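# Coordinate analysis (summary)
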Amino acid sequence: MIFIINTSGAGLEFVLDEHHKSVSVEKQSIALPAAAESFLAECGAGWRDITAIGVVVGPGSFTGIRMGIAYAKGIAMGLNIPVVGINAFELYLAATPDAFVAIDSGRGDFFVASAQHEPCTMSIEDVETEQMKCPRTVGHKPFDLKLGEQIVRKKLKCGNLEPVVPMYLRPSYAEEAKNKNV
């Protein structure tokens, strides 16, 4: 069984087989361990049933992504199973391979990717131009985390697993502030 974890947004989201759950929480870091255990129990599964963990690596909440990756790696290390990073673009493009993905960053620009574009940030002006090269644009609605299982299976089958690290498309607020003060 592949357990998928998403902490890139405001809440928590889990997938295991056909089971899916979104949990609204105030503090992801406090709620994640108990919510994950509860979800597995609701699915009739335990940690020993898990053969791999997929975790959303971004783009999204800086702290949430780091916490989700650390949690997934810790559990995977304890169980001696692989952990596989999944980015939001892979999830969107798994559903609509010919789409232009534009995710509002909340900072006046967009995180974007498509079959023709590596993940990057773009201004709204560039998004308006580049999205016309694809038949549809997605990213304005949440991705389908249930597609994570097929992405993880594909990566496991290839056997060339990359290290699971956060997908940062620009510096953090702290890095930006430091660079302004230098």
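One can find the structure itself at the top, above this paragraph.
Here's a quick rundown of the structure. It should be emphasised that the depicted structure is a prediction, and the values quoted were computed from it without experimental measurement. (Residues numbered from 1 in each chain as written. Predicted model: local features only at pLDDT ≥ 70, side-chain atom pairs only at ≥ 80, totals over all residues. Heavy atoms only, no water.)

Moving on: the nonpolar core. Counting 53 residues, the largest nonpolar core has Phe3, Ile5, Phe14, Trp47 and Ile53 as its most contacted members. Here Phe3 is in contact with Phe14, Val15, Leu16, Ala36, Phe39, Leu40, Trp47, Ile50, Ala52, Ile53 and Gly54, once residues within four sequence places are set aside. Within the second largest apolar cluster, seven residues are counted, among which are Phe110, Met122, Val127 and Cys134. (Core = buried A, V, L, I, M, F, W, Y, C linked by side-chain atoms within 4.5 Å. Buried < 20%, exposed > 50% of the residue type's maximum accessible area, 1.4 Å probe, protein only. Contact = heavy atoms within 4.5 Å.)

Structurally, Glu149 can be placed in helix α5 (residues 148-158). A polar contact is formed between the side chain of Glu149 and the side chain of Arg153, at a distance of 2.7 Å. For Glu149, the contacting residues outside a window of four places in its chain are Ile2, Ile4 and Asp17. (Helix = DSSP H or I, 4+ residues; strand = E, 2+ residues; numbered from the N terminus. Polar contact = N/O pair within 3.5 Å; in protein donor to acceptor, adjacent residues only side chain to side chain.)

Backbone torsion omega between Gly58 and Pro59 reads -5 degrees, so that peptide bond is classified as cis. Topologically, Pro59 is positioned in the loop between β4 (52-58) and α2 (62-79). Even without being a glycine, Asp17 presents a positive backbone phi close to 50 degrees. Overall, the relative accessible area of 28% leaves Asp17 in the partly exposed class. With a phi angle near 60 degrees, Asn80 is a residue other than glycine that sits in the positive phi range. Note on placement: Asn80 falls in the loop between α2 and β5 (83-87).

Let us look at the environment of Pro33. As for its placement among the helices and strands, Pro33 is situated in helix α1 (residues 28-42). Along the primary structure Pro33 and Tyr71 are separated by 38 residues, whereas in three dimensions their C-alpha atoms are 8.1 Å apart.

Quick look at the packing of aromatic side chains now. Here the structure, examined in full by the defined rule, presents six aromatic pairs. Between the aromatic rings of Phe3 and Phe39, the centroid separation amounts to 6.1 Å while the plane-to-plane angle is 20 degrees, which identifies the pairing as stacked. A residue pair is termed long-range when its members are at least 10 positions apart, and Phe3 in strand β1 (residues 2-6) and Phe39 in helix α1 qualify at 36 residues. The exposure class of Phe3 is buried, given its relative accessible area of 0%. An angle of 75 degrees between the planes, with centres 5.6 Å apart, marks the rings of Phe3 and Trp47 as edge-to-face. Taken together, the residues Phe3 in strand β1 and Trp47 in the loop between α1 and β4 connect sequence positions 44 residues apart. Take Trp47: its relative accessible area is 17%, and that puts it in the buried class. Members of the aromatic cluster, each reached through a chain of ring pairs, are Phe3, Phe14, Phe39 and Trp47. (Phe/Tyr/Trp six-rings, centres within 6.5 Å; stacked < 30°, edge-to-face > 60°.)

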